[in-house]
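Architecture at a glance
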Amino acid sequence: MTSSRWLVPVLAVLFVPLWASGFIAGKIATGSTDVPAVLFWRFVIALVVMLVAVAVQRPGLPRGRAWLHLAVTALLLQVGQFSFVYSGLASGVPAGLSSLILGMAPLLVGLLTPLLLATRLGVGPVLGLLIGATGVYVVLADDLGAGLGGNLVFPVLGMLSLAAGTLYQKRFNDGTPVVTSVVVQMATSLVATLVAWPFLGADWLSRAPSGWAAVAFLGVVNSAGAFVLMFVLLRLRSTVFVSSLLNLVPATTALVAVPVLGEPLTVQAVLGLGIALVGMFVGLGRVPGLRGHPVTADAAVPAEQPDTVAAAPVERPDADIAAPPAGGPGRRAGGA
């Protein structure tokens, strides 16, 4: 069907700028709001938005150990990633440099995918990931010598949390409805933030209207919108596909930072974006003779699928698939 051919490309085009905008909004938010407060209000807003989606779609609930897997994913993909990233931004790490370091996660995810998800990669995906990582490096290479010292450990830890959370989400939560997955993860993240709050000594409220606007943007667009798109793309395609898209985020962040943060447009940003595009093109099998091996049905089904309401779909990363049912990506009919 024509709609199925256009679904993934449209979602991919939306995903990259939404994900990149999180670094810009995060920089603005942490300028006037303590990091725990940014996390807290981000999770509150996202949870409210997703609860509305649950009321409309009424997706199935996870069962048994699926709850635990969603909680672990939340601690890695939500609490871990963003607490480290925002701490780095608050301590002076530029938004562009943060996105550069987080941009290393796709390479790590791509290289670990064959080991952890029993997925065989051909020459194309591996080469594409390496080319994309080169583009990521080129974007902000000059900033690596900016003398930020130990503060760089924050985005590095955020990158490791992103990579681990992406792999864990694909491995154990692929059979859970997308809306349900996001709601449980946001609720878990909110509880974790509240538990840690007494030990952090942070203010609850932002000190500027711009901070509230940025936090609201993070909650609605990045927590609810971007993660729904990420989980849908992980469901419809592979971790390699999503990793290839994430390679475009650092250059996109640098470009968006020009009008929003007043940062100058550099030659590295333009060149890096071009290299990352080539890497994505190669990694997705668009070059004859460099296609990756298809994933077998047995390898693609998560081991924990009995704990979910419905059986997990078979992953088909290299083929167009049917569009989700009319009820939306959260319903478990047809694998989305």
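The structure we're discussing is the one just above.
Along each chain, residues carry numbers from 1 onward, in the same order as the chain's sequence is written. Local features in a predicted model are, by the rule used here, given only for residues with pLDDT of at least 70; side-chain atom pairs are given and counted only at 80 or more, and totals for whole chains, interfaces and linings are based on all residues. To get the side-chain values, all heavy atoms of the structure are used, and hydrogens and water are removed first.

What to know about the overall build of the protein chain
Helix and strand assignments come from DSSP, with helices taken as H or I runs of at least 4 residues and strands as E runs of at least 2, each series counted from the N terminus. Assigned secondary structure in the protein chain consists of 13 helices and zero strands. Going through the 336 residues of the protein chain one by one, you find that 53% of them count as buried. Two residues form a contact once any of their heavy atoms are found within 4.5 Å. Long-range contacts, defined here as pairs at least 24 residues apart, represent 88% of the contacts in the protein chain between residues at least 6 apart. The method behind every accessible area is Shrake-Rupley, applied with a 1.4 Å probe, and residues are considered shielded solely by the protein chains displayed. When the accessible area of the protein chain is evaluated, it comes to approximately 13,600 Å², of which 71% is carbon and sulfur surface. Classification of residues uses two cut-offs on accessible area relative to the type maximum, computed with a 1.4 Å probe and protein chains only: under 20% is buried, over 50% is exposed, and between them is partly exposed.

Details of the side chain of Ser83
Following the sequence through the fold, Ser83 ends up in helix H3 (residues 65-90). By the criterion applied in these results, polar contacts are pairs of N or O atoms within 3.5 Å in which, for protein atoms, one can donate a hydrogen and the other can accept it, and in which residues neighboring in sequence qualify only through two side-chain atoms. There is a polar contact of 2.6 Å between the side chain of Ser83 and the backbone oxygen of Val79. Within the structure, the side chain of Ser83 is placed 3.2 Å from the backbone oxygen of Gly80, a separation counted as a polar contact.

A few points about the pattern of salt bridges
In what follows, salt bridge is the name for a side-chain nitrogen of Lys or Arg lying within 4 Å of a carboxyl oxygen of Asp or Glu. This structure, assessed with the given rule, holds two salt bridges. Between Asp34 and Arg207 there is a salt bridge, and its shortest N-O distance comes to 3.7 Å. Here Asp34, found in the loop between helix H1 (2-30) and helix H2 (35-57), pairs with Arg207, found in the loop between helix H8 (178-196) and helix H9 (209-236); they are 173 residues apart in sequence, far enough to count as distant. Its salt-bridge partner being Arg207, residue Asp203 comes within 4.0 Å of it at the nearest N-O pair. For Arg207, a relative accessible area of 54% gives the class exposed. Salt bridges sharing partners connect three or more residues here, namely Asp34, Asp203 and Arg207.

Here we look at the packing of helix H4 (residues 95-102) against helix H11 (residues 249-261)
With axes taken as lines fitted to C-alpha atoms, and helix axes fitted only over the stretch in contact, angles between N-to-C directions fall between 0 and 180 degrees. Closest axis-to-axis distance for the H4/H11 pair is 9 Å, and the angle between their directions is 170 degrees. On the basis of their axis angle, the class for H4 and H11 is roughly antiparallel. Every pair of crossing elements has a handedness; the one defined by H4 and H11 is right-handed. Across from Ala95, Gly96, Ser99 and Leu100 in H4, the residues of H11 making contact are Pro250, Thr253 and Leu261. When an angle is under 35 degrees it counts as roughly parallel; over 145 it counts as roughly antiparallel; between 65 and 115 it counts as roughly perpendicular; any other value is oblique. In a left-handed crossing the near helix is turned counterclockwise from the far helix by less than a right angle, and in a right-handed crossing that turn is clockwise.

A look at the packing of aromatic side chains
Ring geometry is summarised as follows: Phe, Tyr and Trp rings, the Trp one being its six-membered ring, pair when their centres sit within 6.5 Å, and such pairs are stacked at plane angles under 30 degrees, edge-to-face over 60 and tilted between the two. The full count for this structure, using the stated rule, is eleven aromatic pairs. Judged by centre distance (5.4 Å) and plane angle (40 degrees), the rings of Phe15 and Trp19 are tilted. With Phe15 and Trp19 both in helix H1 and four residues apart, the pair spans about one turn of that helix. Judged by relative accessible area, which is 0%, Phe15 ranks as buried. The interplanar angle of 85 degrees and the centroid separation of 5.3 Å between the aromatic rings of Phe40 and Trp204 together place this pair among those described as edge-to-face. With a gap of 164 residues between them, Phe40 in helix H2 and Trp204 in the loop between H8 and H9 connect regions that are remote in the sequence.

Some thoughts on empty space enclosed by the protein
As defined here, a cavity is a set of points on a 1 Å grid over the protein atoms alone where a 1.4 Å probe fits but cannot get out. A pocket is an open set with protein on both sides within 12 Å along at least five of seven lines, and residues line them when an atom is within 4 Å of a point. Grid points are joined across faces, edges and corners, and a volume is the space filled by probe spheres set on the points. Inspection of the entire model under this criterion finds three cavities of 30 Å³ or more. There is about 110 Å³ of room inside the largest cavity. Along its surface, the largest cavity is lined by Trp19, Gly22, Phe23, Arg42, Gln81, Phe82, Val85, Tyr86, Leu218, Asn222, Ala226 and Phe227. Residue assignment for the lining of the largest cavity shows that the elements contributing at least two residues are H1, H3 and H9. Three categories are distinguished: nonpolar for Ala, Val, Leu, Ile, Met, Phe, Trp, Tyr, Cys and Pro, charged for Asp, Glu, Lys and Arg, and polar for the others, with Gly belonging to the last. Classifying every residue of the lining of the largest cavity by side-chain character gives eight nonpolar, three polar and one charged. Approximately 40 Å³ is the volume attributed to the second largest cavity. Forming the boundary of the second largest cavity are Trp19, Phe23, Ser99, Leu102, Gly103, Pro106, Leu162, Leu246 and Val249.

Some points on a nonpolar patch on the surface
Exposure above 30% relative accessible area and the absence of a salt bridge qualify a residue for a patch, where like charges join within 9 Å and nonpolar side chains (Val, Leu, Ile, Met, Phe, Trp, Tyr) within 5 Å. A cluster of nonpolar side chains, namely Leu108, Val153, Val156, Leu157 and Leu160, defines an oily patch on the protein surface of about 340 Å² accessible area. The element that contributes the greatest number of residues to the nonpolar patch is helix H7 (residues 153-172), accounting for four residues. Structurally, Val153 is set in helix H7.

Observations concerning the nonpolar core
Phe15, Trp19, Tyr86, Met230, Phe231, Leu233 and Leu245 are the most contacted members of the largest nonpolar core, which totals 69 residues. Element by element, the count of residues in this core is highest for H9, at 14 residues. In this view, Leu233 contacts Val8, Leu11, Ala12, Phe15, Ser238, Phe241, Val242 and Leu245; residues no more than four positions away in its chain are not counted. Here, nonpolar core refers to any group of buried Ala, Val, Leu, Ile, Met, Phe, Trp, Tyr and Cys residues whose side-chain atoms link them within 4.5 Å.

Here we look at the packing of H2 against H3
Contact pair H2 / H3: the axes reach a minimum separation of 9 Å and the direction vectors enclose 140 degrees. Our classification of the angle between H2 and H3 gives oblique. Between H2 and H3 lies a crossing whose hand is right-handed. Contact with H2, carried on its side by Val35, Val38, Leu39, Arg42 and Phe43, involves Gln78, Val79, Phe82, Ser83, Tyr86, Ser87 and Ala90 of H3 and no other residues of that element.

A look at the environment of Thr113
Following the sequence through the fold, Thr113 ends up in helix H5 (residues 105-116). Judged by relative accessible area, Thr113 falls into the buried class, the value being 1%. In sequence terms Thr113 and Thr239 are 126 residues apart; their C-alpha atoms lie 7.3 Å from each other.

By themselves, these observations are geometric and do not establish any function.
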